[in-house]
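For reference, the chains in residue letters:
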Amino acid sequence: MKPMNQDMSRGWRLFAYVFLLTFTVITLFPLIWMLYSSFKLQGEIMFHPLGWPRDPTLKNYHDAWRMGNMGVAAMNSVIYTGFGTFFTVLFSLAAGFALTKFGYSSARVYFGVFTLGLLITVNAVITPLFIMQTRIGLYDTRIGVILPYIAFGLPMAVLLACSYIRGIPDSLVEAAVIDGATYVQVFFRIIIVVASPVMATIAVLTFLRNWNEFILVFILTSGESMRSLPVAINSFAGRLNVNYGMQFAALVIGTVPMILFYIGAHNLLISGFGEGALKE
């Protein structure tokens, strides 16, 4: 029986390796193809779509950066993503602290309201959101984009924050209050420090979501000075004429920062889940 079990174990292990290797190749090939195609001119892309560039050039990047106003779009993406992520993390941790440690009888109701937010999609509310922002003067402004980023990021962030902060001993908070600390001091000096794993998890997930967000910026802004990178990249895809070289270059400009951020922060994401980001 033992040799048979060993053979089955080796067989499953081989199958797993082959499956994961195949999945990795399928996943990475489009990214690699996009990268080397960005160094090819339009004609070479059309006649040799899968071939390596015969005469590599940076013209696509130069044209995409200049014609697509990518510098302004990149700055806007950093502003939208940075502020949206910062306030989402701050508000979610504050909400998690209040809902789990203050002992309010209505805490479950408020937690349920936040949880219901997971069922609301951007597409479902984009029309009333557009009308509301137009009437109150937030249309085509940066704050008009950042506020929805925060609102749509809070439901999942509050769920993660509450699940983690609930596991922090109440005695830790009570001891700080007895020593004379206010709840604001407890929040900034204890909760944020102890909850740093889940804070990192929320930050990474929110950053990736905000960086890739398209429809809010596309609908709630109209001027080129307010566009983010996804919206600027979309401008290269015309109905009658598509310059694939510039489009690939623009995609690389928008994708590389996200990949680098994830590579640098994936350990924080794993540790956040591993140390109990979803524990009850």
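Just so it is clear, the model here is predicted, and its values are computed rather than measured.

Participant: When you look at the overall build of the protein in this model, what are you seeing that I'm missing?
Facilitator: For the protein, the helix and strand inventory stands at 13 helices and zero strands. Each helix and strand of the protein, ordered N terminal to C terminal, gives the series α-α-α-α-α-α-α-α-α-α-α-α-α. Taken over C-alpha atoms, the radius of gyration comes to 24 Å for the protein, far larger than the 19 Å a tight globule of 280 residues would show. On the principal axes, the C-alpha backbone points of the protein span a range of 75 × 75 × 30 Å. Sorting the 280 residues of the protein into buried and exposed places 38% on the buried side.

Participant: I tried to follow the UniProt feature "transmembrane region" (unreviewed entry) in the protein on my own but got confused; where do I start?
Facilitator: Those places that UniProt annotates as "transmembrane region" (unreviewed entry) correspond, in this numbering, to residues 12–36, 77–97, 109–131, 143–165, 186–208, 214–236 and 248–270. In residues 77–97, the share of helix is 100% and the share of strand is 0%. The end C-alpha atoms are 30 Å apart. Helix makes up 96% of residues 186–208 and strand makes up 0%, while its end C-alpha atoms are separated by 29 Å.

Participant: What is the right way to read helix 3 (residues 59–67) from this model?
Facilitator: Every α-helical turn comprises 3.6 residues, leaving residues that sit three or four positions apart pointing alike. For helix 3, the complete set of buried residues consists of Asn60, Tyr61, Asp63 and Ala64. Of the residues flanking the end of helix 3, it is Asn69, one or two places downstream, whose phi is positive at about 50°.

Participant: It is not clear to me how unusual backbone geometry should be interpreted in this structure. Could you clarify?
Facilitator: Trans is the common state for peptide bonds, and a negative phi is the common state for residues other than glycine. Positive phi is not limited to glycine here, since Asp140 has a value of about 60°. By the secondary structure assignment, Asp140 is in the loop between helix 6 (122–136) and helix 7 (142–165).

Participant: Please clarify how the nonpolar core should be interpreted in this entry.
Facilitator: Nonpolar side chains in soluble globular proteins tend to end up buried together. Within the largest apolar cluster, 23 residues are counted, with the highest numbers of intra-cluster contacts made by Met70, Leu229 and Phe236. Tallying contributions element by element places helix 13 (residues 244–274) first for this core, with eight residues. With sequence-adjacent residues up to four places away left out, Met70 is seen in contact with Ala64, Trp65, Leu229, Ala232, Ile233, Phe236, Ala250 and Ile253.

Participant: Explain the packing of helix 4 (residues 70–101) against helix 9 (residues 183–194) to me, please; I cannot follow it from the model alone.
Facilitator: Following both chains from N to C, one finds helix 4 and helix 9 inclined at 110°, their axes separated by 11 Å at the closest point. Overall, the two elements helix 4 and helix 9 adopt an arrangement that is roughly perpendicular. As helix 4 runs across helix 9, the sense of the crossing is right-handed. Contact residues: helix 4 offers Leu90, Leu93, Ala94 and Phe97, while helix 9 offers Tyr183, Val186, Phe187, Phe188, Ile191 and Ile192. Across the contact of helix 4 with helix 9, the residue classes tally to 10 nonpolar, no polar and no charged.

Participant: Explain the packing of helix 6 against helix 7 to me, please; I cannot follow it from the model alone.
Facilitator: Helix packing geometry: the angle between the two helix axes and the distance between the axes. One can describe the packing of helix 6 onto helix 7 by two numbers: an axis separation of 12 Å at closest approach and a directional angle of 145°. The handedness of the crossing between helix 6 and helix 7 comes out as right-handed. Across the interface between the two elements, Val122, Val125, Leu129 and Gln133 from helix 6 touch Gly144, Pro148 and Phe152 from helix 7. Tallied by class, residues from the contact of helix 6 with helix 7 come to five nonpolar, two polar and no charged.

Participant: Explanation requested: the side chain of Asn76 in the structure shown.
Facilitator: Tracing the sequence through the fold places Asn76 in helix 4. A polar side-chain atom of Asn76 sits 2.9 Å from a polar atom in the side chain of Arg142. Aside from chain neighbours lying at most four places away, what touches Asn76 is Arg142, Ser225, Met226, Arg227 and Ser228.

Participant: What exactly am I supposed to notice about the environment of Ala181 here?
Facilitator: Its location among the elements puts Ala181 in the loop between helix 8 (170–178) and helix 9. Residue classification places Ala181 among the partly exposed residues on the basis of a relative accessible area of 25%.

Participant: How should the environment of Met156 be read in this particular structure?
Facilitator: With respect to the element layout, Met156 can be found in helix 7. For the pair Met156 and Gly71, spaced 85 residues apart in sequence, the C-alpha to C-alpha distance is 31 Å.

Reading the values: rules and limits
- Residues numbered from 1 in each chain as written.
- Predicted model: local features only at pLDDT ≥ 70, side-chain atom pairs only at ≥ 80, totals over all residues.
- Heavy atoms only, no water.
- Helix = DSSP H or I, 4+ residues; strand = E, 2+ residues; numbered from the N terminus.
- Rg over C-alpha atoms; globule rule 2.2 N^0.38 Å.
- Buried < 20%, exposed > 50% of the residue type's maximum accessible area, 1.4 Å probe, protein only.
- UniProt positions renumbered as here; feature names shortened; annotations may be inferred.
- Core = buried A, V, L, I, M, F, W, Y, C linked by side-chain atoms within 4.5 Å.
- Contact = heavy atoms within 4.5 Å.
- Axes fitted to C-alpha atoms, helices over the stretch in contact; angles between N-to-C directions.
- Parallel < 35°, antiparallel > 145°, perpendicular 65-115°, else oblique.
- Left-handed = near helix turned anticlockwise from the far one by under 90°.
- Nonpolar A, V, L, I, M, F, W, Y, C, P; charged D, E, K, R; others polar.
- Polar contact = N/O pair within 3.5 Å; in protein donor to acceptor, adjacent residues only side chain to side chain.

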